[in-house]
Amino acid sequence: MPDKSSKSGDFKHTGSGTNSQGNHYCSRDYGSSGKGFHYSNTDGSYYYNNPNGSTYYNDGNGYSQYTSPSGDTQKSFSPPSK
């Protein structure tokens, strides 16, 4: 069976797929640093879960939220340029 993983930068892609709504996910292995994943959605939003426990969400319309490994949250809103 072929290896479905691919190496990119400091991580190895270990799986990916698209659900029935057209949203894409990708799982990643960062070696000794741990594992993570991300989602890219058809509405333009995306979400990252990083191996250090931090997360990042962007709604595709200017709102974003970062949560640090310790749980501190930073939110921001920058409306898209017209």
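Residues numbered from 1 in each chain as written. Predicted model: local features only at pLDDT ≥ 70, side-chain atom pairs only at ≥ 80, totals over all residues. Heavy atoms only, no water.

> Before we go on, may I ask you to explain the overall build of the protein chain in this structure?
The number of helices and strands found in the protein chain is 0 helices and 8 strands. Reading the protein chain from its N end, one meets helices and strands in the order β-β-β-β-β-β-β-β. Counting across all 82 residues of the protein chain, residues that qualify as buried make up 22%. Counting only contacts in the protein chain whose residues sit at least 6 apart along the sequence, the fraction spanning at least 24 positions is 0%. (Helix = DSSP H or I, 4+ residues; strand = E, 2+ residues; numbered from the N terminus. Buried < 20%, exposed > 50% of the residue type's maximum accessible area, 1.4 Å probe, protein only. Contact = heavy atoms within 4.5 Å.)

> Would you take a moment to explain the pairing of strand β5 (residues 46-49) for this structure?
Moving residue by residue along a regular strand, the side chains alternate between the two faces of the sheet. Pairing of strand β4 (residues 35-40) with β5, which is carried by 4 bridges, proceeds in the antiparallel orientation. Residue pairing in the sheet places F37 in a bridge with N49 of β5. Joining the antiparallel neighbours β4 and β5 is a turn of 5 residues, in which G44 adopts a positive phi near 95°. Once β5 ends, the chain turns through 5 residues before running back antiparallel as strand β6 (residues 55-58), passing G53 with a positive phi of about 95°. (Pairing = 2+ DSSP bridges.)

> It is not clear to me how the pairing of strand β7 (residues 63-67) should be interpreted in this structure. Could you clarify?
Note that β6 and β7 share 4 bridges and pair antiparallel. Directly across from N58, in β7, lies its bridge partner S64. Counting the residues between successive antiparallel strands, the hairpin from β6 to β7 contains 4 residues, one of them, G60, with a positive phi of roughly 80°. In the sheet, β7 pairs with strand β8 (residues 73-77) via 5 bridges, with the strands oriented antiparallel. Directly across from Y66, in β8, lies its bridge partner Q74. Between β7 and β8, which pair antiparallel one after the other, the connecting turn spans 5 residues, and G71 there sits at a positive phi close to 100°.

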